[in-house]
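# Understanding the architecture of this molecule
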There are 2 protein chains.
Amino acid sequence: MLSKTCEYAVRAMIYVAQNSQNGQMVNIKKIAEKIGSPELFIGKILQGLSKRGFLQSSKGRYGGFYINDNDAKHSLADIVIAVDGDKIFKGCGVGLDYCSEKKPCPIHSEYKTARNQLFNIYKSATLEQFKSLKGSELVMLKRK
Amino acid sequence: MLSKTCEYAVRAMIYVAQNSQNGQMVNIKKIAEKIGSPELFIGKILQGLSKRGFLQSSKGRYGGFYINDNDAKHSLADIVIAVDGDKIFKGCGVGLDYCSEKKPCPIHSEYKTARNQLFNIYKSATLEQFKSLKGSELVMLKRK
DNA sequence: CTTAATTCAGATAAATTTGTCTGAATTAAA
DNA sequence: TTTAATTCAGACAAATTTATCTGAATTAAG
Ligand code: SF4
Ligand code: SF4
């Protein structure tokens, strides 16, 4: 399961991607409102991702965040790993440090398959894909 | 991803199940040592599960915990849900409150499939299965 | 140039999860 | 019956995650 920080990050990135067409950008206030997160918190999160090059920011009045064509190539998995690390995609089903392929437990093989599948889902879902969902097909990114 | 509490719980339950043959029981100290958890913490966790009927306890000197044939029918999913709730098996891939089947996002359908598969894995892995793994085939339940 | 709105940086605070302490109750063995 | 080892209950503490505050730097518009 994703951390709250990571959930906010993914939802925000999707929202920003969807609202970055031709020079458009969005500010923290709007983002927080749309994804249902604390304003200052998602601010911090995006500032971090921005520093690491996952999205662009523009300071000063009328500034905000946006995602260019290159940024939009990132997958949800990229974001998840950037924020939460890869434990969710690589970790053991019962919390052991390393998957002991030598002496696998009963669930090991199946668990690994399911985990890989989960990874593939997040990995093949790019921001670009979400970007192309417009208007009525726009996903509701706010909880409840 | 499971909480630490839940990981300890699952590993402990597996260990207790594996060491509950014909009247045998194990105490907290031994369990903690074998699964690599803080002693008092796994104590608290098992006391909770015991109250809820997931395993049996015997107080006083030479007491400890054990899992009877009926308890051993429980699946890992039962334990996970008891400790962490079912969010991990039912929740949304990006942290929304409810899966909106009406307007699904691009990952919805696949995500749901993977999530269900994960559930089935934990659900079909019973303590009984682990119990039958003895001796050299015994799983290493300690981290690292 | 001034102003207002924004990102940014670093400190702080609140909430939750994880872990510990203390002592009471229980029990089997000696 | 005494003793030692255990579970149990409830309070407490530490660590981590989540969230907020404060003020500085930046920038476009007027
Ligand atoms: S064999 Fe099972 S318990 Fe061991 S690392 Fe793999 S998933 Fe985890
Ligand atoms: S459609 Fe996607 S975002 Fe919406 S609830 Fe389902 S998994 Fe979550």
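In this report, the structure presented in the accompanying data block is examined. (Residues numbered from 1 in each chain as written. Chains lettered and ligands numbered in written order. Predicted model: local features only at pLDDT ≥ 70, side-chain atom pairs only at ≥ 80, totals over all residues. Heavy atoms only, no water.)

Residues and elements named next belong to chain A. Within the element layout of this structure, Ser75 appears in the loop between strand S2 (64-66) and helix H4 (76-84). For Ser75, a relative accessible area of 2% corresponds to the buried category. Those residues in contact with Ser75 that sit more than four places away from it in its chain are Tyr122, Lys123, Ala125 and Thr126. (Helix = DSSP H or I, 4+ residues; strand = E, 2+ residues; numbered from the N terminus. Buried < 20%, exposed > 50% of the residue type's maximum accessible area, 1.4 Å probe, protein only. Contact = heavy atoms within 4.5 Å.)

What follows is about the packing of aromatic side chains. Two aromatic rings, taken as a pair, are described by how far apart their centres are and by the angle between their planes. This structure, assessed with the given rule, holds eight aromatic pairs over all chains. Measuring from centroid to centroid gives 5.7 Å for Phe89 of chain A and Tyr122 of chain A, while their planes differ by 55°, and the two rings are tilted. Highlighted residues: Phe89 of chain A in helix H5 (residues 87-90) and Tyr122 of chain A in helix H6 (residues 108-124), separated in sequence by 33 residues. Comparing Phe89 of chain A with Tyr122 of chain A, the two get one shared label, buried. A ring pair is formed by Phe89 of chain B and Phe119 of chain B, whose centres lie 5.1 Å apart and whose planes are at 65°; its orientation type is edge-to-face. (Phe/Tyr/Trp six-rings, centres within 6.5 Å; stacked < 30°, edge-to-face > 60°.)

When charged atoms on two side chains of opposite charge get close, those side chains can pair. Evaluated as defined, the whole model comprises six salt bridges over all chains. Where Lys131 of chain A meets Asp69 of chain A, a salt bridge forms, and the shortest distance between an N and an O atom there is 3.6 Å. A residue pair is termed long-range when its members are at least 10 positions apart, and Lys131 of chain A in helix H7 (residues 127-131) and Asp69 of chain A in the loop between S2 and H4 qualify at 62 residues. Owing to a relative accessible area of 9%, Lys131 of chain A belongs among the buried residues under this scheme. Between Lys123 of chain B and Asp78 of chain B there is a salt bridge; the shortest N-O distance is 2.8 Å. (Salt bridge = Lys/Arg side-chain N within 4 Å of Asp/Glu carboxyl O.)

This paragraph deals with the protein's contact with DNA strand D. The local shell around DNA strand D holds 24 residues, among which Thr5, Tyr8, Pro38 and Gly60 of chain A together with Ser57 of chain B are the closest. For DNA strand D, the backbone makes up 71% of the atoms found within 4 Å of the protein, where backbone means sugar plus phosphate. Between DNA strand D and Arg61 of chain B there is a distance of 3.1 Å, counted from a sugar or linking oxygen to a side-chain nitrogen or oxygen. Those elements giving two or more residues to the surface near DNA strand D turn out to be helix H1 (4-18) and helix H3 (39-51) of chain A together with helix H3 (39-51), strand S1 (56-58) and strand S2 (64-66) of chain B. Split into classes, the residues belonging to the surface near DNA strand D amount to seven nonpolar, ten polar and seven charged. (Near = heavy atom within 4 Å. Polar contact = N/O pair within 3.5 Å; in protein donor to acceptor, adjacent residues only side chain to side chain. Nonpolar A, V, L, I, M, F, W, Y, C, P; charged D, E, K, R; others polar.)

With that settled, the discussion passes to the state of the cysteines. Tallied over the full model, the rule gives zero disulfides over all chains. Summary of cysteine pairing: Cys6 of chain B is not part of a disulfide, and the nearest cysteine sulfur, belonging to Cys92 of chain A, is at 12 Å. (Disulfide = S-S within 2.5 Å.)

Residues and elements named next belong to chain A. When you line up the elements, Asn68 lands in the loop between S2 and H4. Asn68 gets classed as partly exposed once you look at its relative accessible area, which sits at 28%. When the C-alpha atoms of Asn68 and Asn22 are compared, they prove to be 9.3 Å apart, with 46 residues separating the residues in sequence.

Attention shifts here to helix H4 (residues 76-84) of chain B. Residue and element names in this part refer to chain B. Restricting attention to buried positions, one finds in H4 the residues Leu76, Ala77, Ile79, Val80 and Ala82. For H4, the secondary structure elements touched by its buried residues are helix H1 (4-18), H3, helix H5 (87-90), helix H6 (108-124) and helix H7 (127-131). Just beyond H4, the residue with positive phi is Gly85, at close to 85°.

Empty space within the largest pocket amounts to approximately 440 Å³. Mapped by element, the contributors of at least two residues to the lining of the largest pocket are H5 and H6 of chain A together with H5 and H6 of chain B. Split into classes, the residues belonging to the lining of the largest pocket amount to 18 nonpolar, six polar and eight charged. (1 Å grid on protein atoms, 1.4 Å probe; cavity = no way out; pocket = protein on both sides within 12 Å on 5 of 7 lines; lining within 4 Å. Points joined across faces, edges and corners; volume = space filled by probe spheres on them.)

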